[in-house]
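Topology and contacts: notes
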Amino acid sequence: MDPRDPQQLVDYVGSLDCIHCGLCLNTCPTYRLTGVESSSPRGRIHMMRALAEGAIEADADYADELDFCLLCRNCETVCPSGVQFGHLMEHARGALEPRRDRTAFQRLGRRVGFDLLLRDRGALRFVAVVGRAAQRAGLVGLAARIAGPAGHGLRDAPSIPPASERTRLPVFTPALGARRGAVALLEGCVMPELLGATNRATVRVLAACGFDVHVSRQHVCCGSLHAHNGEPAGARALAVETIAAFDALVDEAGAPLPLVVNSAGCGSHLKELAHAVPGEPDHERRAQALSRRTLDLCEFLARGAGAEGLAALIANVRARDTVRVTWDDPCHLLHGQRIRREPRDILRRVPGVELVEMEAAESCCGSAGIYSLLRPDDATRILDPKLEALRATGASVLVTANPGCQLQWAAGIRRAGVGVRVLHVAEVIDEFVLSAASRPGA
Amino acid sequence: MDARVVEELRAILGHSGVLAERARRVTYESDGLAFARHVPELVILPRDTRETAAAMRILHTHGIPIVPRGAGTGLSGGATPVAGGVVIGTARMRDVLEIDAENRCARVQAGVVNVDLTHAAAEHGLFYAPDPSSQKACTIGGNVGENSGGPHCFRYGSTTRHVLGLVIVLPDGEVLDLSRPAVDAQGYDLVGLFVGSEGLFGIATEITVALLPVPPVTVTMLALFRDLDAACDAVSDLIAARLEPSAIEILDELTIEAVESSVLAAGYPKGVKAVMLVEAEGSEAEVAATVDAIEPLLVARGAFDVRRARDEAERARLWAGRKGAYGAMGRVAPDLYVCDAVVPRTKLRELVRQTIAICHARGLRIANVFHAGDGNLHPNIPYDRRNAEELRRVLEAGDEILKACIAAGGSLTGEHGVGLEKIGAMEWMFTGPDLDAQCRVRDAWDPLRRMNPGKLLPVHACRETRTRDPRGGTR
Ligand SMILES: Cc1cc2nc3c(=O)[nH]c(=O)nc-3n(C[C@H](O)[C@H](O)[C@H](O)COP(=O)(O)OP(=O)(O)OC[C@H]3O[C@@H](n4cnc5c(N)ncnc54)[C@H](O)[C@@H]3O)c2cc1C
Ligand code: SF4
Ligand code: SF4
């Protein structure tokens, strides 16, 4: 393989699937924002093809259009030609990364982030401790200034919860009441540090629905952020670790447990994990097996035994008053995993919840993994119209199912001064069903 | 492009309104006619009439050619850039300026996407009738440029029937406001003249269109045929019986297969040779009468199953499949050539057969999906533009198909326009004096012929006029 061969820089054959019909334009957030063809799916694919055919160089403008993409995959959902846009973009970013002009500081940042932090629970913990201290001491503004433009995202970074919230999940939580089965749960890399409460709610819900919950002690990160951000080597290594970690969690008969995921971005990546280990037949096979038993929490609770468990729980609860709630589709749930109905069905069944649809719920909120940290201004411009849509619903709770979206919404809502709480589906069930059931007189 | 011109334009349009970088410009090198390509020297994206006019004045001063562009979904090369020229895109002009529900009209910026207008109108119980299959992407300005049609134009007529007024920026930057709806129009109907001018007269920046009340009842029927001929004959029968459905569309087997394996799978049964979509709209009684009259006609021609969409969701699915057919053909080959010709509706069967024979004789595949009610054929020929020899056969087949349609008493284009694609064919249809007359109309709008040069009117046909016309002759 010749790294200078422009055809190696993109998935050329994949790019030929685009027939230029334009049906994806109007759904692309970055095109709607700018009206610029090269910021549209059709345009980005066109650039990839032009690069492979030698019509353009892999220059800074090309790189910028790749970076501007949210990888929300809205374009895939509407493409009649079946273009695998997510894959094309991951490939293009991965192949471009070694040739990029990055400052030494940026390079260092990426190595620390992708090779150190996301690979090591201890390092993540350390950053959380230091980060919280810095946030409390008001040092973040200073750090952001030192880091220059690259540090811009620091200021908008989510606030890190206190140590009491940042605890790991137990490796085993037994089912409550009638046992319906056992599942593995993905704890996630940054989840325990930033959204431990969501994780704990997830465990409570699963246990209350009748499932033993197993968590892997060694596992850190599934590698989805690496795959999205041009780090295929990191993505590969983490895919191998992930396969090993979850193949080891088995039921009484020795069969691997279904893997429940409460982060849509990770779930979407895990369902396509074989992409991360190309050309390794044994790993590909095991990756596919893991993909088949991976379920988003919404899917799990909307089908089969999971749905029965939830129905049994709900049967015990009567609502006191009604709260207006709206649902925002995480891109990697809707566009990545094509899950649309399940979360809505679940929310409609929760006593005390009045579900109202929000306009453009199917469009990206701008979180997009670490996009909101890398391109904070663009992320804000993407979220702003959605904040208006949220206001228009009159909802007091916004529900989603992905950590990045939770944090992005929370930050936007704080900025805009809208009085809306952001909850994960698991937290909604935890609050409206579990807590309600334990309330005296319920 | 001259750096000074870029500077002057940036002063008006801002940095993000002027695209000078090659990586970005390359994405504008073609519209849906993928084999015709030229990377534009510059692309500009004004936000309103004022910015468009100011930018066009600068381009006029420097004598720079202009190619207007909406969403670039055109299929005849209307938005293909020209050498030394600037592309003016309307993609940042996407505001619905006003919906006047009482007077049933809307005023929109040219870059508003067709379907966005439909959504905005729906809030008032109204709709915008022309619905090209590309409606999720194409702009109202582009629709005006091409006088576009769509499935429902069978009943409601194409774009020109629905445009009430325009604000136009002329090639020298002057603004011509034809937006006041004048029932008793004095002088020529310039709005009517502009619709279908394919970007040769100026740029429309604001468009006033008529809206219609959403009909109380809509029934969508799906009829299945074991044979494409039978489906064509059924259309001829429907027309002869003077029935008034609002749309009649036919999809053949290859199209059905492509659609059904896509995200837009509509539930068209695989294995049938043709499906026909028929829609009837109006009052309950009217629709019932139409549907009751249509069904037996279809059955008599061999439809072995005629179903009605049960609900709005199913209706939407049936139409989404039809409208995604072009895109779904991307599963068959990287590029698609869509011929666009009109034939008398009594001759549908014959001409469809001929088009198939013409393609097969050249070793080409063909999918037929078309606005049958209008007699508007769309033979879709999948190809790969990297294969020059195949492309040659495709274009040859296209020419043969057009000739056959003209010979049968049809015409060159139903709705996609002439653009670059059919410029040669203009001479099969029109005589020298006809073309001369058209050139003079063009010269009245654009004496320097800087707007979309090389499109629509064959250059050598205009030479005659040019030598006689002092303004044209000096160039
Ligand atoms: C999947 C698919 C389905 C299609 N189905 C149909 C169909 O059913 N019916 C149909 O009629 N067409 C159809 N088309 C063709 C195409 O969508 C139409 O011609 C459409 O109107 C083009 O709109 P656009 O915004 O993409 O314009 P463009 O392609 O960008 O431009 C079209 C022409 O109009 C000119 N133009 C654009 N904007 C302006 C303006 N503001 N002022 C003056 N001139 C302007 C351009 O110079 C060019 O000549 C289809 C195309 C595709 C890809
Ligand atoms: S919808 Fe698909 S085929 Fe059509 S332009 Fe977009 S990516 Fe290409
Ligand atoms: S992934 Fe999202 S942002 Fe990127 S091109 Fe597709 S729709 Fe646009």
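Since this is a predicted model, take the numbers as computed values, not measurements.

Calculation criteria
Residues numbered from 1 in each chain as written. Chains lettered and ligands numbered in written order. Predicted model: local features only at pLDDT ≥ 70, side-chain atom pairs only at ≥ 80, totals over all residues. Heavy atoms only, no water. Helix = DSSP H or I, 4+ residues; strand = E, 2+ residues; numbered from the N terminus. Rg over C-alpha atoms; globule rule 2.2 N^0.38 Å. Buried < 20%, exposed > 50% of the residue type's maximum accessible area, 1.4 Å probe, protein only. Contact = heavy atoms within 4.5 Å. Areas by Shrake-Rupley, 256 points an atom, 1.4 Å probe, with all protein chains shown as cover. Lys, Arg positive; Asp, Glu negative; His and termini not counted. Charge placed at Lys NZ, Arg CZ, Asp CG, Glu CD. Domains from an automatic or database assignment. Salt bridge = Lys/Arg side-chain N within 4 Å of Asp/Glu carboxyl O. Polar contact = N/O pair within 3.5 Å; in protein donor to acceptor, adjacent residues only side chain to side chain. Nonpolar A, V, L, I, M, F, W, Y, C, P; charged D, E, K, R; others polar. Near = heavy atom within 4 Å. Buried area = accessible area lost by both parts, 1.4 Å probe. 1 Å grid on protein atoms, 1.4 Å probe; cavity = no way out; pocket = protein on both sides within 12 Å on 5 of 7 lines; lining within 4 Å. Sits in = over half its atoms within 2 Å of the grid points. Axes fitted to C-alpha atoms, helices over the stretch in contact; angles between N-to-C directions. Left-handed = near helix turned anticlockwise from the far one by under 90°. Phe/Tyr/Trp six-rings, centres within 6.5 Å; stacked < 30°, edge-to-face > 60°. Points joined across faces, edges and corners; volume = space filled by probe spheres on them. Pairing = 2+ DSSP bridges.

Here we come to the overall build of chain B. Broken down by element type, chain B carries 18 helices and 20 strands. Expected size for 475 residues packed as a compact globule is a radius of gyration near 23 Å; at 22 Å, chain B falls within 12% of this value. Principal axes of the C-alpha set define a box for chain B whose edges measure 65 × 55 × 45 Å. Within the span of chain B, comprising 475 residues, buried residues form 60% of the whole. If you take every contact in chain B between residues at least 6 apart in sequence, the share linking residues at least 24 apart comes to 72%. Accessible area of chain B: about 18000 Å², with a carbon and sulfur share of 51%. The positive charge centre, built from 53 side chains, and the negative charge centre, built from 63, are 4 Å apart in chain B.

Interface size is commonly expressed as the accessible area that is lost once the parts come together. Residues and elements named next belong to chain B. Along its sequence, chain B is carved into domain 1 (3–89), domain 2 (96–213) and domain 3 (217–407). Taking only C-alpha atoms, the centre of domain 1 and the centre of domain 3 are 36 Å apart. With 6 residues of domain 1 at the interface, the matching set in domain 3 holds 9 residues. Taken together, the connections running from domain 1 to domain 3 amount to 0 salt bridges. Summed over the shared surface of domain 1 and domain 3, the number is 0 residue pairs in polar contact (both at pLDDT 80 or more). A class-by-class count of the residues in the side of domain 1 that touches domain 3 yields 4 nonpolar, 1 polar and 1 charged.

Near ligand 1 you find 35 residues, and of these Pro68(B), Gly70(B), Ser134(B), Thr139(B) and Ser148(B) are the closest. The environment of ligand 1 is shared, with nearby residues belonging to chains A and B. Interatomic distance of 2.5 Å between a side-chain N/O atom of Ser134(B) and an oxygen atom of ligand 1. At a separation of 3.3 Å, an oxygen atom of ligand 1 approaches a polar side-chain atom of His371(B). Protein contacts shield 98% of the accessible area of ligand 1, which totals 970 Å² for the unbound molecule. Of all the secondary-structure elements, those providing two or more residues to the shell around ligand 1 are β3 (66–69), α5 (140–146) and β10 (203–210) of chain B. No other element matches α5(B), which puts 5 residues into the shell around ligand 1. Residues of the shell around ligand 1, tallied by class, amount to 11 nonpolar, 20 polar and 4 charged. Both domains that meet at the shell around ligand 1, namely domain 1 (3–89) and domain 2 (96–213) of chain B, each give it at least three residues.

Turning next to the interface of chain A and chain B. Of the residues lining the interface, 40 residues belong to chain A; the matching set on chain B comes to 42 residues. Counting each side, the surface lost to burial between chain A and chain B is near 3100 Å², with a carbon and sulfur contribution of 53%. At the surface where chain A touches chain B, the tally comes to 5 salt bridges. Put simply, Arg24(B) and Glu65(A) hold a salt bridge, and the shortest N to O gap is 2.8 Å.

Further remarks concern the site of ligand 2. Residues and elements named next belong to chain A. For ligand 2, the full set of nearby residues is Cys18, Ile19, His20, Cys21, Gly22, Cys24, Arg42, Ile45, Cys79, Pro80, Ser81 and Val83. Its atoms largely coinciding with the cavity grid, ligand 2 occupies the second largest cavity. When its residues are assigned to classes, the shell around ligand 2 shows 8 nonpolar, 3 polar and 1 charged.

Let us now look at the packing of helix α3 (residues 41–52) of chain A against helix α4 (residues 60–68) of chain A. All names here are of chain A. The interhelical angle for the contact between α3 and α4, taken along N-to-C directions, is 145°, at an axis separation of 11 Å. Here α3 and α4 pass one another in a crossing that is left-handed. The segment α3 lies against α4, with Arg44, Met47, Met48 and Leu51 engaging Tyr62, Glu65, Leu66 and Phe68. Grouping the constituent residues of the contact of α3 with α4 by class yields 6 nonpolar, no polar and 2 charged.

The subject of this paragraph is unusual backbone geometry. In the Ramachandran plot, Arg338(A) falls in the positive-phi region, its phi being about 55° despite a non-glycine side chain. By the secondary structure assignment, Arg338(A) is in the loop between α19 (331–334) and α20 (341–349). Among the residues examined, Arg338(A) registers a relative accessible area of 43% and is labelled partly exposed. Within the chain, Leu456(B) stands out as a residue other than glycine whose phi angle is a positive 65°. Looking at the element boundaries, Leu456(B) is found in the loop between α16 (432–445) and α17 (459–468).

Moving on to the packing of aromatic side chains. Scanning all chains against the criterion turns up 7 aromatic pairs over all chains. Ring centres of Phe211(A) and Phe300(A) lie 4.8 Å apart, and the angle between their planes is 70°; this geometry places the pair in the edge-to-face category. One end of the pair, Phe211(A), is in strand β3 (residues 211–215); the other, Phe300(A), is in helix α17 (residues 297–302), with 89 residues separating them in the sequence. Neither residue differs from the other here; Phe211(A) and Phe300(A) are each classed as buried. Centroid distance Phe194(B) to Phe201(B): 6.4 Å. Interplanar angle 65°. Geometry classified as edge-to-face. Through a chain of ring-to-ring contacts, the aromatic side chains of Phe35(B), Tyr337(B) and Tyr383(B) assemble into a single cluster.

This brings us to empty space enclosed by the protein. All names here are of chain A. Here the structure, examined in full by the defined rule, presents 6 cavities of 30 Å³ or more. Counted as a void, the second largest cavity has a volume near 110 Å³. Lining of the second largest cavity is provided by 15 residues; of these, Cys18, Cys24, Ile45, Cys79 and Val83 occupy positions nearest its centre. Each residue belonging to the lining of the second largest cavity can be placed in one class, and the counts come to 12 nonpolar, 3 polar and no charged.

Once that is clear, we can look at the pattern of salt bridges. All names here are of chain A. If you walk through the whole model with that rule in mind, you get 72 salt bridges over all chains. A salt bridge links Arg110 to Glu97; the shortest N-O distance between them is 3.2 Å. One end of the pair, Arg110, is in helix α7 (residues 104–116); the other, Glu97, is in the loop between α6 (85–96) and α7, with 13 residues separating them in the sequence. Classification of Arg110 as buried rests on a relative accessible area of 12%. Asp345 serves as the salt-bridge partner of Arg341, at 3.1 Å between the closest nitrogen and oxygen. Residue Arg341 and its partner Asp345 are located together in helix α20, separated by 4 residues, close to a single helical turn. Residue class for Asp345 comes out partly exposed when judged on its relative accessible area of 27%.

Let us look at the sheet that holds strand β7 (residues 353–356) of chain A. Residue and element names in this part refer to chain A. If you walk across this open sheet you meet the 4 strands as β7-β6-β8-β9, and the pairing is parallel. A strand with exactly one partner marks an edge of an open sheet, and here the two such strands are β7 and β9 (421–424). Sheet twist, expressed as the average angle between the axes of neighbouring strands with direction ignored, equals 35°. The pairing of strand β8 (residues 397–400) with β9 spans 4 bridges and is parallel. Bridging from a neighbouring strand, Val397 pairs with Arg421 of β9.

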